[in-house]
Amino acid sequence: MNETYARWFRASSPYIRAHGGRTFVVMLGADALASDNAVNIVHDLALLHVLGVRLVVVHGANVESDGPVTPGRLADIQAGVARARSRLESLFTTGIPLSPLRDRQIPLASGNLVTARPIGVVDGVDQLAAGTVRRVHVDGIRALLGADSVVLISPVGYGTTGATYALGVEQLAADVAGDFGADKLIVYDAVGRIADRSDLTSAELRQLRTTWEHDARTARRLDALDEACRRGVPRAHLIGFDEDGVLLRELFTAEGAGTQVSDGDYRLIRRAVPADAGAVIELMRPLEASGALATRPPEFIERQIESFFVAELDGTLTGCCALFPLNGTTAELACLVGGDAVGPRLLDSVEQAARASDLRRLFALTTQAVDWFLEHGFAKTSVDTLPVDRKALYNYRRNSHVLVKELQR
């Protein structure tokens, strides 16, 4: 078995367990459905279904309800919706035989699951057949999910009088996720990550939007993420539709592949407790095997566990580091496991703890992460600047770089 694959699978197993039985609303716009990667997207959705995730897919159409919707435009939208639904049904049926899931039947179910109402007059202009959601039929969706179906919701709704209304797919996805109480809203977009951030609070998202350049379509999708969080959806994700496997990376790795938005800071950084020792050892093991971390015996971790900080997500440890005092004013930052999403948060917590203990300087030794430390305020220094006791333990065979950071009071 490929060693990289084995490590990935072991690391993903807590997420597989955590996502089982959860309900995810996934928004696939017309651009995602038209992309060359659409078949792979459907394969990944099918895999989620097989793993026990309850899926509601809200799809777009190549004709959108932007502005007043005349009868002729409504007919075009309905035709576009029919084509999009047909493509999804085809991909879930004929596309799956090309994948390892070819023997698994994945039924799609849809229907009149959304009651709509007209938008009405906006700024003096009648929007005609442009509509918005009046009610999401949660019980109907829940029954279909309970029958082991993937639920498909189209951006067309019907009023109480029988009139047909075109719905904006982004707002529809946010409404379905919010009314249903979904665990996640996942939105595919041409943009794979918001301002190169792997995670944001909804407040940070609103602030970033004033400076981050994006087009009108992406703006509507950011609105949907924000709206879903405001309505109680714990996590909302923006991911790119052009990259194969991005959904799996986003959901089953600590680093993710897109941007996750929540209404609060969902990553907990805390001091480790003795019960964390086993998980910390497992977090460190792959980096020790690759030589990125110096190997430390399990009994050392157990003895020093109270010197560790851990990052926790949904009850699973996703990162760790240790703060080892060297003398009265200096400490070593060691055993750091965590990338762009976790590492900076761990470093910030360590620095706060160091300042609270009147420490003035942090050392770090690394063989492979010099650039990361430099980006976070460390500077290169020599072995000779280490305190005497730590210098005596320096492993010249590893030839680690020594970095130092002066802590501001």
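The structure under discussion appears in the preceding block.
Residues numbered from 1 in each chain as written. Predicted model: local features only at pLDDT ≥ 70, side-chain atom pairs only at ≥ 80, totals over all residues. Heavy atoms only, no water.

Looking at the overall build of the protein
If you tally the helices and strands in the protein, you get 14 helices and 21 strands. Projecting the C-alpha coordinates of the protein onto the three principal axes gives extents of approximately 80 × 50 × 35 Å. Summarising the internal contacts of the protein: among those between residues at least 6 apart in sequence, 72% fall at separations of at least 24. On the protein, roughly 19,000 Å² of surface is accessible, and the fraction owed to carbon and sulfur atoms is 49%. Averaged over its 44 positive side-chain charges, the protein has a centre that lies 3 Å from the centre of its 51 negative ones. (Helix = DSSP H or I, 4+ residues; strand = E, 2+ residues; numbered from the N terminus. Contact = heavy atoms within 4.5 Å. Areas by Shrake-Rupley, 256 points an atom, 1.4 Å probe, with all protein chains shown as cover. Lys, Arg positive; Asp, Glu negative; His and termini not counted. Charge placed at Lys NZ, Arg CZ, Asp CG, Glu CD.)

As for unusual backbone geometry
Among all residues except glycine, the phi angle is most often negative; among peptide bonds, the trans geometry is most common. Backbone geometry at D123 places phi at a positive 50°, although glycine is not the residue there. Secondary-structure assignment places D123 in the loop between β5 (121–122) and β6 (125–126). Positive phi, normally seen in glycine, also occurs at C335, with a value near 55°. Here C335 is to be found in strand β18 (residues 330–337). C335 sits in the buried class, given a relative accessible area of 3%. (Buried < 20%, exposed > 50% of the residue type's maximum accessible area, 1.4 Å probe, protein only.)

Quick look at the environment of N399
Of note, N399 is situated in the loop between α14 (388–392) and β21 (401–406). Each C-alpha atom, one on N399 and one on V383, is 9.7 Å from the other, the two residues being 16 residues apart in sequence.

Digging into the packing of helix α6 (residues 169–180) against helix α8 (residues 216–230)
For the pair α6 and α8, interaxial distance at closest approach is 9 Å and the crossing angle is 10°. The pairing of α6 with α8 is recorded here as roughly parallel in orientation. Both α6 and α8 take part in a crossing whose hand is right-handed. In this structure, α6 uses E170, Q171 and A174 to contact α8, whose residues at the interface are R217, R220, R221, A224, E227 and A228. In the contact of α6 with α8, the residues fall into three nonpolar, one polar and five charged. (Axes fitted to C-alpha atoms, helices over the stretch in contact; angles between N-to-C directions. Parallel < 35°, antiparallel > 145°, perpendicular 65-115°, else oblique. Left-handed = near helix turned anticlockwise from the far one by under 90°. Nonpolar A, V, L, I, M, F, W, Y, C, P; charged D, E, K, R; others polar.)

Points about the layout of surface pockets
To find the voids left in a structure, one rolls a probe of water-molecule size over its atoms. Quantified by volume, the second largest pocket comes out at close to 490 Å³. Residue lining of the second largest pocket: 26 residues in total, with S65, G168, V169, E170 and R220 positioned closest to the centre. Take the lining of the second largest pocket: its biggest share by element is five residues, from α6. Looking at the lining of the second largest pocket residue by residue, the class counts come to 12 nonpolar, eight polar and six charged. (1 Å grid on protein atoms, 1.4 Å probe; cavity = no way out; pocket = protein on both sides within 12 Å on 5 of 7 lines; lining within 4 Å. Points joined across faces, edges and corners; volume = space filled by probe spheres on them.)

Quick notes on the pattern of salt bridges
With the rule as written, the count across this model stands at 23 salt bridges. Several salt bridges converge on common partners, so that one network encompasses D31, E170, D189, R217, R220 and R221. (Salt bridge = Lys/Arg side-chain N within 4 Å of Asp/Glu carboxyl O.)

Thoughts on the sheet that holds strand β2 (residues 54–59)
Ordered in space as β3-β8-β2-β1-β11-β13-β14-β12, the eight strands form an open sheet in which the pairing is mixed. Only two strands of the sheet have a single partner each, and these edge strands are β3 (108–109) and β12 (199–201). (Pairing = 2+ DSSP bridges.)

Digging into the packing of aromatic side chains
According to the stated counting rule, one finds five aromatic pairs in the structure shown. Where F373 meets F378, the ring centres are 5.2 Å apart and the plane angle is 85°; that geometry is what we call edge-to-face. For F373, a relative accessible area of 6% corresponds to the buried category. Judged by its relative accessible area of 4%, F378 is buried. When the ring of Y394 is compared with that of Y396, the centres are 4.7 Å apart and the planes differ by 75°; the resulting orientation is edge-to-face. Exposure remark for Y396: the relative accessible area of 55% places this residue in the exposed category. One aromatic cluster is present, built from ring pairs that chain together F300, F308 and F324. The ring of F180 carries R142 above its face, with NZ or CZ at 5.1 Å from the centroid. (Phe/Tyr/Trp six-rings, centres within 6.5 Å; stacked < 30°, edge-to-face > 60°. Lys NZ or Arg CZ within 6 Å of the ring centre and 35° of its normal.)

Looking at the sheet that holds strand β20 (residues 379–381)
A sheet is described by the order of its strands in space; here seven strands give the open sequence β15-β16-β17-β18-β19-β21-β20, paired in mixed fashion. On the outer flanks of this sheet lie β15 (268–271) and β20, each paired with one strand and no other. Sheet twist, expressed as the mean angle between neighbouring strand axes with direction ignored, is 30°. In terms of strand pairing, strand β17 (residues 316–325) meets β18 through five bridges, oriented antiparallel. Paired with P325 across the strands is A331, a residue of β18. Relative to β17, helix α10 (residues 277–290) is tilted by about 85°, and along the sheet it contacts β16 (308–313), β17 and β18.

Observations regarding the nonpolar core
Formed by 38 residues in total, the largest nonpolar core has its most connected members in I141, I153, I194 and L225. Not counting the four nearest positions on each side in its chain, I141 is found in contact with V56, L113, V136, V151, I153 and F180. By size, the runner-up hydrophobic cluster in this structure holds 33 residues, among which are A32, L45, V150 and L152. (Core = buried A, V, L, I, M, F, W, Y, C linked by side-chain atoms within 4.5 Å.)

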